[in-house]
Amino acid sequence: MTDPSRRSSCRRTVAAACAAAGLTVVLAGFGFTTTNGLPPGNHPVPSTSAPATLLSGMPGMSTTDGLAAGHNGYQMASGIATLPAGKITDYRFTITGPDGRPVTDFAVEQTRRLHFYAIRSDLTGYQHLHPTLASDGTWTATMPALQPGTWRLYASFVPNTGPGKGREFVLSRTITVSGRAVATAVPAPSPSTTIDGYTVTVNGQLTANRASALTVTITKDDAPVTNLQPYLDTYAHLTAFHEADLAFAHLHPATMVGGDHGGPTLPFHAELSRSGNWRLFLQFRTSGTVHAAAITVHVSPRQYERAGNGSA
């Protein structure tokens, strides 16, 4: 997590990046689906296009890319490796600290002590859940009816005590949902997406391992939407997963919440660790209903140029 002075500096950097951006991120989108699966045993393969660790220091950037069950002594532990298909089921896990004991004290981030995500390896079936915590440190996430395939489950949290106090961690484990699975291709990039009658458009220039600005605009019937309601203490919640290996990123909005009149344009801080395609999942609320849009964005590789006696 960053202190106020560093957070302000990062925001100035992102603002400058936004002013310089002259290209539009191409994207593809559709509403969420859980009707197809992934061939059994299809586990994510690590990408070689960029380092595996997200750069720290940006508001909301995690200490890992979410592809490991452990980091800096913290572990996501569970005895569950398989779940039945098409059935609501509880998934239980613990977060243990460097001392090996379950962590029971978590800081509140975006109104919750832990955010839990599930996504199948072909980037379908996205779920954003909020498990309950028992006094012994056991978290219980009630999973909806999942389709067969390999799924990755992420826990995003900030310890409130111990050596990791104040740092955001993202840990994950994989499970297999039993049954015959059928793969779905990730949609190719295109300008925008529509969900529940709302059109979501994303603009920006994203470069791997570089602070970037990304802007989301929401319209309905060709008119700007200005009645966005707070959702998890923001006007929109945005997470991203890399197509090749399911690396995780949580993008934070820069707009302050002030009543039920957010929109139509929402700026986000973005720093994605790999080049290539990322699948973005945007959640926003209007009239008490949470809408969910899925969009594919392309992130360019970082280009290093010699400048004087160094490189940029």
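Right, let's walk through the structure included here. What you are looking at is a predicted structure, and each value in this text was computed from that prediction instead of being measured.

## Here we look at the sheet that holds strand 11 (residues 169-177)
Phase 1 of the analysis: Taking strand neighbours across the sheet as the criterion, the 5 strands line up as 4-11-10-6-7 in an open arrangement whose pairing is mixed. Only two strands of the sheet have a single partner each, and these edge strands are strand 4 (82-83) and strand 7 (127-129).
Phase 2 of the analysis: Direction of pairing for strand 10 (residues 149-157) relative to strand 11: antiparallel, over a ladder of 9 bridges. Directly across from Arg152, in strand 11, lies its bridge partner Thr174.

## Quick word on the packing of aromatic side chains
Ring pairs (aromatic) are described by centroid distance and by the angle formed between their planes.
Phase 1 of the analysis: In this structure the tally under the stated criterion is 16 aromatic pairs.
Phase 2 of the analysis: On the basis of an interplanar angle of 20° and a centroid distance of 5.3 Å, the ring pair of Phe93 and Phe116 is categorised as stacked. Remark: Phe116 occurs in strand 6 (residues 115-120) and Phe93 occurs in strand 5 (residues 89-96); sequence separation between them is 23 residues.
Phase 3 of the analysis: With relative accessibility at 1%, the residue Phe93 sits in the buried group.

## With respect to the sheet that holds strand 3 (residues 74-77)
Sheet strands associate in pairs through backbone hydrogen bonding, adopting either a parallel or an antiparallel arrangement.
Phase 1 of the analysis: With antiparallel pairing, 5 strands are arranged side by side in an open sheet as 2-3-5-9-8. Two strands bound the open sheet, and with one partner strand each, they are strand 2 (70-71) and strand 8 (132-133).

## Digging into the pattern of salt bridges
Phase 1 of the analysis: Within the structure shown, the criterion is met by 4 salt bridges.
Phase 2 of the analysis: A salt bridge links Arg274 to Asp65; its shortest N-O distance comes to 2.9 Å. Of this pair, Arg274 sits in the loop between strand 18 (265-270) and strand 19 (276-286) while Asp65 sits in the loop between strand 1 (27-30) and strand 2, and the two are 209 residues apart along the sequence. Like Arg274, the residue Asp65 is buried in the burial classification.
Phase 3 of the analysis: When the shortest N-O distance is used, the salt bridge between Asp245 and Arg274 registers 2.6 Å. Note that Asp245 is positioned in the loop between strand 16 (237-242) and strand 17 (248-253) and Arg274 in the loop between strand 18 and strand 19, a separation of 29 residues in sequence. Per residue, the accessibility class of Asp245 equals that of Arg274, and both read buried.
Phase 4 of the analysis: Here the salt bridges do not stand alone but share partners, grouping Asp65, Asp245 and Arg274 into one network.

## Digging into the nonpolar core
Phase 1 of the analysis: In terms of nonpolar packing, the biggest core is built from 30 residues, with Leu214, Ile218, Leu251, Phe268, Trp278, Leu282 and Phe284 touching the most fellow members.
Phase 2 of the analysis: Contributions of two or more residues to this core are made by strand 13 (198-204), strand 14 (212-220), strand 16, strand 17, strand 18, strand 19 and strand 20 (289-299).
Phase 3 of the analysis: Of all hydrophobic cores here, the second largest spans 24 residues; its members include Tyr91, Trp139, Phe157 and Leu171.

## Quick notes on empty space enclosed by the protein
In this approach, a probe sized like a water molecule rolls over the atoms, and the result shows the empty space that is left.
Phase 1 of the analysis: For the structure shown, the criterion picks out 2 cavities of 30 Å³ or more.
Phase 2 of the analysis: The calculated volume of the largest cavity comes to roughly 90 Å³.
Phase 3 of the analysis: Where the lining of the largest cavity is concerned, the elements lending two or more residues are strand 10 and strand 17.
Phase 4 of the analysis: Tallied by class, the residues present in the lining of the largest cavity amount to 4 nonpolar, 5 polar and 4 charged.

How each quantity is defined
Residues numbered from 1 in each chain as written. Predicted model: local features only at pLDDT ≥ 70, side-chain atom pairs only at ≥ 80, totals over all residues. Heavy atoms only, no water. Pairing = 2+ DSSP bridges. Helix = DSSP H or I, 4+ residues; strand = E, 2+ residues; numbered from the N terminus. Phe/Tyr/Trp six-rings, centres within 6.5 Å; stacked < 30°, edge-to-face > 60°. Buried < 20%, exposed > 50% of the residue type's maximum accessible area, 1.4 Å probe, protein only. Salt bridge = Lys/Arg side-chain N within 4 Å of Asp/Glu carboxyl O. Core = buried A, V, L, I, M, F, W, Y, C linked by side-chain atoms within 4.5 Å. 1 Å grid on protein atoms, 1.4 Å probe; cavity = no way out; pocket = protein on both sides within 12 Å on 5 of 7 lines; lining within 4 Å. Points joined across faces, edges and corners; volume = space filled by probe spheres on them. Nonpolar A, V, L, I, M, F, W, Y, C, P; charged D, E, K, R; others polar.

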